[in-house]
Structures are given as structure tokens and as C-alpha cells.
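Summary of structural features
Listed here are the chains, written in short residue letters.
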Amino acid sequence: QVQLVESGGGLVQPGGSLRLSCTVSISIFNMGTMAWYRQAPGKQRELVASIFANGGTYYAESLKGRFAITRDTSKNTVYLQMISLKPEDTAVFFCNGRYRSRDYWGQGTQVTVSA
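What you are looking at is a predicted structure, and each value in this text was computed from that prediction instead of being measured.

The rules behind these values
- Numbering of residues starts from 1 in every chain and runs along the sequence as written.
- Thresholds applied to this predicted model are a pLDDT of at least 70 for local features of residues and 80 or more for the giving and counting of side-chain atom pairs; totals over whole chains, interfaces and linings are not thresholded and use all residues.
- Excluded from the side-chain calculation are hydrogens and water; included are all heavy atoms of the structure.
- We count a stretch as a helix when DSSP gives it H or I for four or more residues in a row; a strand needs E for two or more, and each element gets its number in order from the N terminus.
- Only protein chains enter the accessibility calculation, which uses a 1.4 Å probe. A residue is then buried if its area is under 20% of the maximum for its type, exposed if over 50%, and partly exposed in between.
- Residues are treated as being in contact if the distance between any of their heavy atoms lies within 4.5 Å.
- The convention is simple: Lys and Arg are positive, Asp and Glu are negative, and His and the chain ends are not counted.
- The atom standing in for a charge is NZ when the residue is Lys, CZ when it is Arg, CG when it is Asp and CD when it is Glu.
- Strand pairing follows a simple DSSP-based rule, namely that at least 2 bridges must link the two strands.
- Pairing of aromatic rings covers Phe, Tyr and the six-membered ring of Trp, with a centre-to-centre limit of 6.5 Å; geometry is then stacked below 30 degrees between planes, edge-to-face above 60, and tilted otherwise.
- Our definition puts a charge over a ring when NZ of Lys or CZ of Arg is within 6 Å of the ring centre and also within 35 degrees of the ring normal.
- For this analysis, a salt bridge means a side-chain nitrogen from Lys or Arg found within 4 Å of a carboxyl oxygen belonging to Asp or Glu.

Section: the overall build of the chain
- The number of helices and strands found in the chain is zero helices and eleven strands.
- The helix and strand sequence of the chain, counted from the amino end, reads β-β-β-β-β-β-β-β-β-β-β.
- Considered along the principal axes of its C-alpha atoms, the chain spans approximately 40 × 25 × 25 Å.
- For the chain, with 115 residues in total, the buried portion stands at 43%.
- Considering only intrachain contacts with a sequence separation of at least 6, the fraction spanning at least 24 residues in the chain is 52%.
- Across the chain, the mean location of the 12 positive side-chain charges is 5 Å away from that of the 7 negative side-chain charges.

Structural data, given as C-alpha cells:
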């Protein structure tokens, strides 16, 4: 059973930073592309960033420069570093990975940006 466990969310003031972590129960090399999504209240889940098996990355255009996705293969963990956070970044952030043609999701971690 593949499990993804997110952590690192919380309450942060506008302009602040957070780093989210997603730890996978198997080698992330087996997962192929890993990604972070987010879902704001009343909105659809949207792709934030992806990191491919070769280490390449993709970002939602509106988030380039503020968000960075990285991974530590020795820890089977994918990170999302977020800076200059805005109230509109408030959302539940989900980690996603695909293994043997099946999508796996974490439980989500809440990020709230508020003064």
C-alpha cells in the first residue's frame, strides 16, 4: 500500500514562508512524477507544481518565482517551498504521485495566510 503523508502546513502572515513536506512510503523513484495540488474553499483542485523522474520541474504560471518543488530521494520526500505568501494562497495542499498506473494522494495539509 502506497501512502503519502503531508506535513508543514499552518497559519502564516502575508509575506511569510512555509515549507511543505510529502513523505512517501516507497521509493519516490518508483512514483515517477510527483506533484503538489491545492484546493481553495469553493474552488476546484489545481496543479501547483510537479517534479519529474528526471528532476525537471513544472510550475503553474501564476506561482513561478514564489513556489519551488524539490525532492530528497534519500528520504523519499518531496518538498514545496513557498515564499511571499498571499491570502489567496490559502488552501488545502495535497501531494500526488502515480504508481503502477494508479494515482495516490495524501490527506492534505491546510495552509492559511492571514494577518
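Now that the structure has been shown, we can carry on.
Re the pairing of strand S9 (residues 91–99)
- Here S9 lies mainly inside the structure; seven of its nine residues are buried.
- Across three bridges, S9 lies against strand S11 (residues 109–113) in antiparallel orientation. Bridge pairing in S11 places Phe93 opposite Thr109.
- Inspection of the sheet shows S9 paired to strand S10 (residues 102–105) by four bridges, in the antiparallel sense. Among the inter-strand pairings, Tyr99 is bridged to a residue of S10, identified as Arg102.

With respect to the environment of Gly32
- Considering the arrangement of structural elements, one finds Gly32 in the loop between strand S3 (18–24) and strand S4 (34–39).
- A C-alpha to C-alpha distance of 31 Å links Gly32 and Val12, two positions 20 residues apart in sequence.
- With sequence-adjacent residues up to four places away left out, Gly32 is seen in contact with Ile51, Ala53 and Arg98.

Regarding the packing of aromatic side chains
- One pass over the structure, following the stated rule, counts two aromatic pairs.
- When the ring of Phe94 is compared with that of Trp105, the centres are 6.5 Å apart and the planes differ by 85 degrees; the resulting orientation is edge-to-face. Taken together, the residues span a long stretch of sequence, with Phe94 in strand S9 and Trp105 in strand S10 at a distance of eleven residues.
- On the basis of relative accessible area, Trp105 is assigned to the partly exposed category, the value being 36%.
- Within the aromatic cluster, the residues linked to one another by ring pairs are Tyr37, Phe94 and Trp105.
- Stacked on the ring of Phe94, the Lys or Arg Arg45 has its end atom at 3.7 Å from the ring centre.
- The cationic tip of Arg45 hangs over the ring face of Trp105; the distance from NZ or CZ to the ring centre is 4.6 Å.

Section: the pattern of salt bridges
- Counted according to the given criterion, the structure contains five salt bridges.
- When the shortest N-O distance is used, the salt bridge between Lys64 and Glu61 registers 3.1 Å.
- A single salt-bridge network, built from bridges that share partners, covers Arg38, Glu46, Arg66 and Asp89.

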